[in-house]
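What the coordinates show
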Amino acid sequence: MNHNSVCLEREAFCCSICLDLLKDPVTIPCGHSYCMNCIQSHWNREDERRIHSCPQCRKTFTPRPVLVKNTMLAHLVEQLKKAGLQAAPADHCYAGPEDVACDVCTGRKLKAFKSCMQCLASYCKKHLQLHYDVPRLKKHKLVEPSKNLQDNICSHHNEVMKMFCRIDQQSVCYLCSVDGHKGHDIVSAAAERTERQRELQESLQQILQRVQDREGDVKLLQQQVEAISRSADKTVEDSEKIFTELIRLIQKISSDVKQQVRSQQEAEVSRVAERQEELEQEITELKRKAAELEQLSQTEDHNHFLHNYRSLSALSESTHSSSINIRPLRYFEDVTAAVSELRDKLQDTLRQMWTNISLSEVDVLLSEPQTRAGFLQYSCELTLDPNTAYRHLELSEGNRKVTLVTQQQPYSDHPDRFSKRAQVLSRESLTGRCYWEVEWSGGVYVAVAYKSISRAGSGIECGFGYNDKSWALDCHQNRYRFYHNSIDTEVSGPPSSRVGVYLDHRAGILSFYSVSETMTLLHRVQTTFTEPLYAGLWISLFSSGELCSVE
């Protein structure tokens, strides 16, 4: 007997209740065979109904059949065991704590293969066979094994819930439809599932489309990152080459200057040495003549003296000036001055170049946020600086709120204080990407300004928006105007008592938004900021502005 035939025979001689090889096999009137203990236990549970059935074909017997051991079947089972048949299914066939167990198996239960939505029971492969063989069971709906079958039973009527109430949005049984849900919009669960399935498919398609779009965005970003990396690598490589060439050029200029100075030095030293030699020769000649005159002056022979006096006393005309004019050698100092000037210009050029490099920003889809949540990720907590506040500005709420009042406030003298305009700046400087919101009432200028803005001017020039050091949005009676360097720009937008300000310092972007249930752009500035900025408020009489704490 080969292995394949043994496997087939094993299936034929197993008890469909315990799924083990038959022990003390008995055959009941319908022809199916079981272990004696298994069928007796099954019928013992049915004794109360006094109707006993076959676990496989469901045929009923009244009265309970008398069980007699099938000796021929028992002998065959013993022969099969001797041929090497396994005594029990492998352990992985049994249901564990996380598995759905077969509802028919007794003793140690096998894993369920399918669950029946009509029987509300789960079956292993063996016990499921009836659903494939019995015509009326073939119509039952089989699904993947489920632990939640009891959720399909109505808790009030103990009936299968095959209907759905659209009013109460819950599954109901037939009795519910004529009882507690009478008059409601009741449809079959299948019809509701079809409707919701269509909506689900639409949602799924939208999600899948969004996933596809986002994957495309991610791919674009990845390509952007790769492009940035390539560009950065090439820029570093090119910059190193350029700076190497620049260093070589400076070294060459340094060498040329050195060579030129040394050449000029050699020429000047040679000229001076030549002049020195001529002077020394003249000195020697003069000394010789002086000795001859000295000797002549000592002679006692009057005729000899007079005869030689004229020839010895006469001095030949000197070919050189009688004195040496030592003039400063300005040539070398001029070279030093020229090199110093070159250094200063080079430093200025390099400093300006570095400023341009540091202020530049790579655009990697770093666009302005589109939602308030997007802006809030750049929110910053700001406070107002009392040292800058006009003396009639009253600060409150932890130096976040400012109100213009008639009574002068007891502020000490400070060079940063605005003396003519009802203005105040934030204590914190603003660089990078920042967002804050201002709640205003009355008339308020919401502004940003450099710290170098004038504080004591008597005219309008120190007011926010009326110089080149500040930018301001005038909020007054539900209308807006924008000011910079005294240029007035009309702004339209929905009225709101709250204004959001977005700053991207490096990119040179300053945007003002009307904040309510949605955010509406009021005005955007694109420029180049050369200093750190500070938030500012310019308050009209009996008006107030507050730097909001946003989350």
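Residues numbered from 1 in each chain as written. Predicted model: local features only at pLDDT ≥ 70, side-chain atom pairs only at ≥ 80, totals over all residues. Heavy atoms only, no water.

What follows concerns the overall build of the protein chain. Secondary structure summary: the protein chain contains 10 helices and 23 strands in total. The C-alpha radius of gyration of the protein chain comes to 54 Å, more than 25% above the 24 Å expected for a compact globule of 551 residues. Over its C-alpha atoms, taken along the principal directions, the protein chain stretches across nearly 195 × 85 × 40 Å. Within the span of the protein chain, comprising 551 residues, buried residues form 31% of the whole. At a minimum sequence separation of 6, the contacts of the protein chain that also span at least 24 residues come to 55%. Element-wise, carbon and sulfur atoms account for 51% of the exposed surface of the protein chain, whose accessible area totals about 35300 Å². Taking the average location of the 66 positive side-chain charges in the protein chain and that of its 73 negative ones, the two points are 13 Å from each other. (Helix = DSSP H or I, 4+ residues; strand = E, 2+ residues; numbered from the N terminus. Rg over C-alpha atoms; globule rule 2.2 N^0.38 Å. Buried < 20%, exposed > 50% of the residue type's maximum accessible area, 1.4 Å probe, protein only. Contact = heavy atoms within 4.5 Å. Areas by Shrake-Rupley, 256 points an atom, 1.4 Å probe, with all protein chains shown as cover. Lys, Arg positive; Asp, Glu negative; His and termini not counted. Charge placed at Lys NZ, Arg CZ, Asp CG, Glu CD.)

For an α-helix, 3.6 residues make a turn, and residues three or four places apart therefore share a direction. The complete set of buried residues in helix H4 (residues 125-133) reads His127, Leu128, Leu130 and His131. For H4, the angular spread of the buried residues around the axis is 130°, confining them to a single face. Against strand S5 (114-116), strand S6 (121-123), helix H5 (135-138) and strand S7 (142-143) lie the buried residues of H4. (Arc of directions from axis to C-beta.)

All right, on to the pairing of strand S11 (residues 393-396) then. Here S11 shows a clear split, with Leu393 and Leu395 buried on one side and none of Glu394 and Ser396 buried on the other. Relative to strand S12 (residues 401-404), S11 runs antiparallel, the two being bridged by four bridges. Bridge pairing in S12 links Leu395 to Val402. (Pairing = 2+ DSSP bridges.)

So, about the domain arrangement of the protein chain. For the protein chain, the assigned domains are domain 1 (11-84), domain 2 (197-310) and domain 3 (372-548). For domain 2 versus domain 3, the separation of C-alpha centres amounts to 52 Å. (Domains from an automatic or database assignment.)

This paragraph deals with the sheet that holds strand S22 (residues 533-539). In space, the six strands of this open sheet follow the order S13-S22-S15-S16-S17-S18, with antiparallel pairing throughout. Edge positions in the sheet fall to strand S13 (423-430) and strand S18 (487-491), since each of these pairs with one other strand and no more. Each strand of the sheet is rotated relative to its neighbour by a mean of 20°, with strand direction disregarded. Pairing between strand S16 (residues 470-476) and strand S17 (residues 479-484): six bridges, direction antiparallel. For Ala472, the partnering residue across the bridge sits in S17 and is Tyr483. (Axes fitted to C-alpha atoms, helices over the stretch in contact; angles between N-to-C directions.)

Right, let's get into the pattern of salt bridges. Tallied over the full model, the rule gives 24 salt bridges. Between Glu195 and Arg198 there is a salt bridge, and its shortest N-O distance comes to 2.2 Å. Of this pair, Glu195 and Arg198 both sit in helix H7 (residues 189-297), three residues apart, which is roughly one turn of the helix. What makes Glu195 partly exposed here is its relative accessible area of 26%. Across the salt bridge formed by Asp256 and Lys252, the nearest N and O atoms sit 3.1 Å from each other. Placement of both Asp256 and Lys252 in helix H7 is noted, with a separation of four residues, approximately one turn of the helix. The network of salt bridges with common partners includes Arg166, Asp185, Glu192, Arg196 and Glu199. (Salt bridge = Lys/Arg side-chain N within 4 Å of Asp/Glu carboxyl O.)

A separate point is the confidence of the model for the protein chain. Fine structural detail should not be taken from predicted coordinates in areas where pLDDT scores are low. Counting all residues, the mean pLDDT for the protein chain is 84, and 90% of those residues have values of 70 or more. pLDDT under 50 marks residues 1-8. Its contacts with residues more than four places away, or in other chains, come to five contacts. The low-confidence segment residues 86-90, where pLDDT is below 50, has 10 contacts with residues more than four positions distant or belonging to other chains. (pLDDT = per-residue confidence, 0-100.)

A cluster of nonpolar side chains, contributed by Phe243, Ile247, Leu350 and Met353, occupies part of the molecular surface with about 320 Å² of accessible area. Inspection of the secondary structure assignment puts Phe243 in helix H7. Relative accessible area serves as the criterion here: at 38%, Phe243 is assigned to the partly exposed category. (Patch = residues over 30% accessible without salt bridge, like charges linked within 9 Å, V, L, I, M, F, W, Y side chains within 5 Å.)

From the end of S11 to the start of S12, which pair antiparallel, there are four residues, and Glu397 there has a positive phi angle of about 50°. Inspection of the sheet shows S12 paired to strand S23 (residues 544-547) by three bridges, in the antiparallel sense. Bridging from a neighbouring strand, Thr403 pairs with Ser544 of S23.

Here the focus is the UniProt feature "domain: B box-type" (unreviewed entry) in the protein chain. The UniProt record marks residues 149-189 with the feature "domain: B box-type" (unreviewed entry), using the residue numbering of this structure. From the first C-alpha to the last, residues 149-189 spans 15 Å; its make-up is 12% helix and 22% strand. (UniProt positions renumbered as here; feature names shortened; annotations may be inferred.)

A separate point is the packing of aromatic side chains. Tallied over the full model, the rule gives 14 aromatic pairs. Ring geometry for Tyr445 versus Tyr483: centroids 5.8 Å apart, planes at 35°, classification tilted. In this pair, Tyr445 is assigned in strand S15 (residues 443-450) and Tyr483 in strand S17, connecting sequence segments 38 residues apart. Considered together, Tyr445 and Tyr483 belong to a single accessibility category, that of buried residues. Here the aromatic residues Phe375, Tyr378, Tyr435, Tyr502 and Tyr513 are joined through ring pairs into a cluster of three or more. In this arrangement the basic side chain of Lys114 is found over the ring face of Phe113, its NZ or CZ atom lying 5.8 Å from the centre. It is Arg455 that lies over the ring of Phe418; its NZ or CZ is 5.1 Å from the centre. (Phe/Tyr/Trp six-rings, centres within 6.5 Å; stacked < 30°, edge-to-face > 60°. Lys NZ or Arg CZ within 6 Å of the ring centre and 35° of its normal.)

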